[in-house]
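Observations on the model geometry
What follows is the residue order along each chain.
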Amino acid sequence: MSGRLWSLGVFLVALGVAAHVVGWDTLLWLPGVILDSLMWIPEAVVEAVRTAPATAGVIALGVVLMVAARLVSRRSG
């Protein structure tokens, strides 16, 4: 527990120093850019389901089977 508190303290000190040096606007700009660039993923999924629902169904079934295989391997292993 103390190790986690120490790590959190170090992170907050580093964050505070970085905010003082470059400013909060600059620090918060990067996460905003990352989130904006990741928004294309859900949009691409929705567009794929609209244009080719059968293909999206096959992909979804494959994902479900992969998750089921992982769950079965955890129980037996």
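To keep things clear, this report deals only with the structure shown in the data block. (Residues numbered from 1 in each chain as written. Predicted model: local features only at pLDDT ≥ 70, side-chain atom pairs only at ≥ 80, totals over all residues. Heavy atoms only, no water.)

Here we look at the overall build of the chain
Rules: The way it works is that DSSP assigns letters per residue, a run of H or I at least four long becomes a helix, a run of E at least two long becomes a strand, and they are numbered from the N terminus. Our radius of gyration is a C-alpha quantity, and the globule rule it is checked against amounts to 2.2 Å times the number of residues to the power 0.38. With a 1.4 Å probe rolled over the protein chains alone, any residue whose accessible area is under 20% of its type maximum counts as buried; one over 50% counts as exposed, and the rest are partly exposed.
In terms of helices and strands, the chain carries four helices and zero strands. Reading the helices (α) and strands (β) of the chain from amino to carboxyl end gives α-α-α-α. Against the globule reference of 11 Å for 77 residues, the chain gives a C-alpha radius of gyration of 21 Å, more extended than a compact globule. Counting all 77 residues of the chain, 3% fall into the buried class.

Overview of helix α4 (residues 53–76)
What counts here: For a helix, the expected span equals 1.5 Å multiplied by the residue count minus one.
Its 24 residues give α4 an end-to-end C-alpha distance of 34 Å, which sits within 8% of 34 Å, the value for a rise of 1.5 Å per residue. With respect to burial, α4 is a largely exposed element, only one of its 24 residues being buried.

Points about a nonpolar patch on the surface
Our working definition: What makes a patch is a set of residues exposed beyond 30% relative accessible area and free of salt bridges, joined within 9 Å when like-charged and within 5 Å when nonpolar (Val, Leu, Ile, Met, Phe, Trp, Tyr). Only the protein chains shown count as cover for residues, and the accessible areas themselves come from Shrake-Rupley with a 1.4 Å probe. Take a side-chain nitrogen of Lys or Arg and a carboxyl oxygen of Asp or Glu: if they are within 4 Å of each other, that pair is a salt bridge.
A cluster of nonpolar side chains, W29, L30, V33, I34, L38, W40, I41, V45 and V49, forms an exposed patch at the surface whose accessible area comes to about 870 Å². Breaking the nonpolar patch down by element, the ones donating at least two residues are α2 (24–38) and α3 (40–51). Ranked by the residues each element gives to the nonpolar patch, the list is headed by α2, at five residues. Mapping W40 onto the fold places it in helix α3. Residue W40 is classed as exposed on the basis of its relative accessible area, which comes to 54%.

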